[in-house]
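So the chains spell out like this:
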Amino acid sequence: MMRASLFITCYNDTLFPETGRAAVRLLERVGVELDFHAEQTCCGQMHANTGFRGEAYSQAKRFVQLYRDVECVVIPSSSCVAMIRDQYAGLFEELGNEELRKQFAALLPRVFELSEFLTDKLKVEDVGAWFPHRVTYHASCHGLRGLHVGERPFRLLGKVRGIELAPLANLDRCCGFGGTFSIKNAEVSTAMLDAKLGDLLATKAEYCTALDNSCLMHLGGAMHRRKDGLQTIHIAEILASTEQHPYEATR
Amino acid sequence: MSAPVMDPRIALPFPEAALPILQNSQLRKNVAHATDVIQAKRNRLVQEKADWQELRNSAAAIRAHVLANLAGYLEEFEVRCTAAGGVVHWAADADEARKIILGILRDEKADEVIKIKTMTSAEIQLNPALEAAGIRATETDLAELILQLGEDEGSHIVVPALHVNRKQVREIFAQRMGLPQLSDDPEALTAAARSYLRKKFLSVPTAICGANFLIAETGSVVIVESEGNGRMCLTLPRTLIALAGIEKVLPKFGDLEVLLQVLARSATGERMNPYTSLWSGVTPGDGPQRFHIVLLDNGRSDILARKVERQTLQCIRCAACMNTCPVYRQTGGHAYGSPYAGPIGAILTPQLEHMQHAQSLPYASSLCAACYEVCPVKINIPEVLIDLRAQVIDQEREQTARWSDPMYLGMKVANLAFASSPRFRLAQRLGRIGASFFTDRDGWIRHLPGLGGRWTLSRDLRGMPRQTFREWWAVREKAQSKEAR
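Residues numbered from 1 in each chain as written. Chains lettered and ligands numbered in written order. Predicted model: local features only at pLDDT ≥ 70, side-chain atom pairs only at ≥ 80, totals over all residues. Heavy atoms only, no water.

Across its full length, chain B carries 22 helices and twelve strands. If you line up chain B on its principal axes, its C-alpha atoms span 100 × 55 × 50 Å. A sequence separation of at least 24 residues applies to 73% of the contacts in chain B between residues at least 6 apart. Counting only carbon and sulfur atoms, one obtains 54% of the accessible surface of chain B, whose full area is about 21,100 Å². Positive and negative side-chain charges in chain B, numbering 58 and 53 respectively, have mean positions lying 8 Å apart. (Helix = DSSP H or I, 4+ residues; strand = E, 2+ residues; numbered from the N terminus. Contact = heavy atoms within 4.5 Å. Areas by Shrake-Rupley, 256 points an atom, 1.4 Å probe, with all protein chains shown as cover. Lys, Arg positive; Asp, Glu negative; His and termini not counted. Charge placed at Lys NZ, Arg CZ, Asp CG, Glu CD.)

Next comes the structure, spelled out in structure tokens:
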């Protein structure tokens, strides 16, 4: 039996617990024995990307110390995984010691984004999901260009029973979230958001899904403001949904 | 509209400078259309190159090698160029570069110059200095001419008048060239510009140009262009002055094989640009008989000394990063308050200003990394942006006013909360109480005070759920262990 440790991420824990619950249902259903370290907090992405390097380093160090002995770590957030893959080494190079760098190097190959974990580690695409809705997939930049997840999410979604996938125009264009960019440059972020919403609405989908609740918080918040009928849903919730336990009943 | 401010020392911070542009739907339409057209051409030509990634790797390797051995290649260039009859000048900063150029023009007794589009000239604010010295400068690049006549500023490195459409060009030409009957047909517009410029080419004996590349091995200067105006300026005048950043050097003539392939494809979506001019010093009886080149540092040595930032100098100014950038797409170039706009401008400008100005630019990006993906010399722009942000925050750490910046305060508080899970749980509970004051009956937040108001500007926020994930997990664990017993 595969064992994995769930790093839920700070914002999923606090704002989107339903994504975490769905990830647990999904992973246990496909035979993963999960644990959850209660000491976990944040990967450091927000601090790193805003320029608070020392603070990001402390969080990165906590992450490595917490997970160095686990079999693997699964993270339902592509941007947090990209933070770990792209930025930890630089932080440890500059601020860490040799021991920490070694521990990180040993841990890194065992850190997976959720869709990668399913397709690459578990080698499963059909997770037995059922989601009878029209869905469009938003390719979060960190998943697309940071992790190069490529077709993985489509392969997973394609095996969901009842789903109707609607292609999204300008798939590779950023939605304008960008972490603190959405605050510091709120007006420009909104202009980017407008463009993305135009493409999303054109799909006539009921749901917009992604590997990352951060983009979805931004898109979903605007959809709610405009009452335009489209809803956001993390991919874990689609993949967790079954005929016995449909998404609507578990939210 | 008044002319945009393109001097980073006095420009507004990016978020404020962007505001009026976001209201200018015509300009935004022009920018989106033009960048779409260039990008589509670029993508088509990149796709036909099966070895595109290898070409990128080669181009990046050549540029990185140059930067690692810059002093040697510059000295080699100086020796070869001098031997070929050129005069090499070294300028530590913009002020020195302007003085050198004005000095040469004074010796030439020039009261007028013709210019080829050169970003470096805009960087050192050369045109205002020429004007102050009583020297009339005529831009001969079509886009630069449009901007000069329209009293506007460039908004793109390769296509500086990209924010202007042809109806607007017609207005400018009709008014400034005294051609009220001019149509907005592209051929008519270029014909008007041609006849306006031809007189200048034939009468003004002094020209100023930039450089796309300098070749150390031969002492040559390389200029690529599309209109032939450059070729005119490089061949007809008596005296030619080139201004080039010190990073522009390439080791060997043969390196052009790689760089010209990636440059034309990335910049204009062409297999080869229409005009490529190369010359070495002076050729008796052929072309300009006096050739000066000013090699400009202006902060580049400092950039070179920094491990992460050094790659900024690999840039060959193709602007592919601007064309693909979703931020630039919304704001165009003027919001950047610098001749260098877009992702490359966001990293280059603050560094050229020694991080004393333009500190908002490293934040003018959602870090989507589209720029890195297209960069033909593989500059990891997001990585540099993040490093520059760290420099900006390190500056803020020194200031006593930092605690009155809500973003700074919020980041420090969040860091305390993330340092241990009991603290994080406490912060979650306090957050839930705080959020409840702003949460409407349907469970959504529509208005937040302070920084949060920047979020609710355009987005609602779902109120905090009753149970965090960790609370749910703890309850589940307890139930499961009871079951097991």
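On we go from here.
Turning our eyes to something else, we now look at the overall build of chain A. Looking only at helices and strands, chain A has 14 helices and eight strands in total. Taking 18 Å as the expected radius of gyration for a compact globule of 251 residues, we find that chain A reaches 18 Å, a close match to that expectation. Counting only C-alpha atoms and orienting by the principal axes, one finds that chain A spans roughly 50 × 45 × 30 Å. Every one of the 251 residues in chain A was classed for burial, and the buried ones make up 63%. Within chain A, contacts between residues separated by at least 24 positions form 79% of all contacts whose residues are at least 6 apart in sequence. A total of about 8,600 Å² of accessible surface is found on chain A, and carbon and sulfur atoms cover 51% of it. Of note, chain A has its 28 positive side-chain charges centred 1 Å away from the centre of its 31 negative side-chain charges. (Rg over C-alpha atoms; globule rule 2.2 N^0.38 Å. Buried < 20%, exposed > 50% of the residue type's maximum accessible area, 1.4 Å probe, protein only.)

Attention now moves to the confidence of the model for chain B. With 100% of its residues at a pLDDT of 70 or more, chain B shows a mean pLDDT of 96. Both scores are given for the predicted complex: the pTM is 0.97, the ipTM 0.97. (pLDDT = per-residue confidence, 0-100.)

Residue and element names in this part refer to chain A. A sheet is described by the order of its strands in space; here four strands give the open sequence E6-E5-E7-E8, paired in parallel fashion. With one partner strand each, in any of the chains shown, strand E6 (164–166) and strand E8 (231–234) form the two edges of the open sheet. The mean angle between the axes of side-by-side strands here comes to 35°, regardless of whether they run parallel or antiparallel. (Pairing = 2+ DSSP bridges. Axes fitted to C-alpha atoms, helices over the stretch in contact; angles between N-to-C directions.)

This brings us to the side chain of asparagine 298 of chain B. Residues and elements named next belong to chain B. Structurally, asparagine 298 can be placed in the loop between strand E10 (290–296) and helix H13 (300–304). A residue is classified by how much of its surface remains accessible, and asparagine 298, at 11% relative accessible area, is buried. In contact with asparagine 298, not counting residues within four places along its chain, are Ala91, Ala92, Asp93, Ala94, Glu123 and Leu352.

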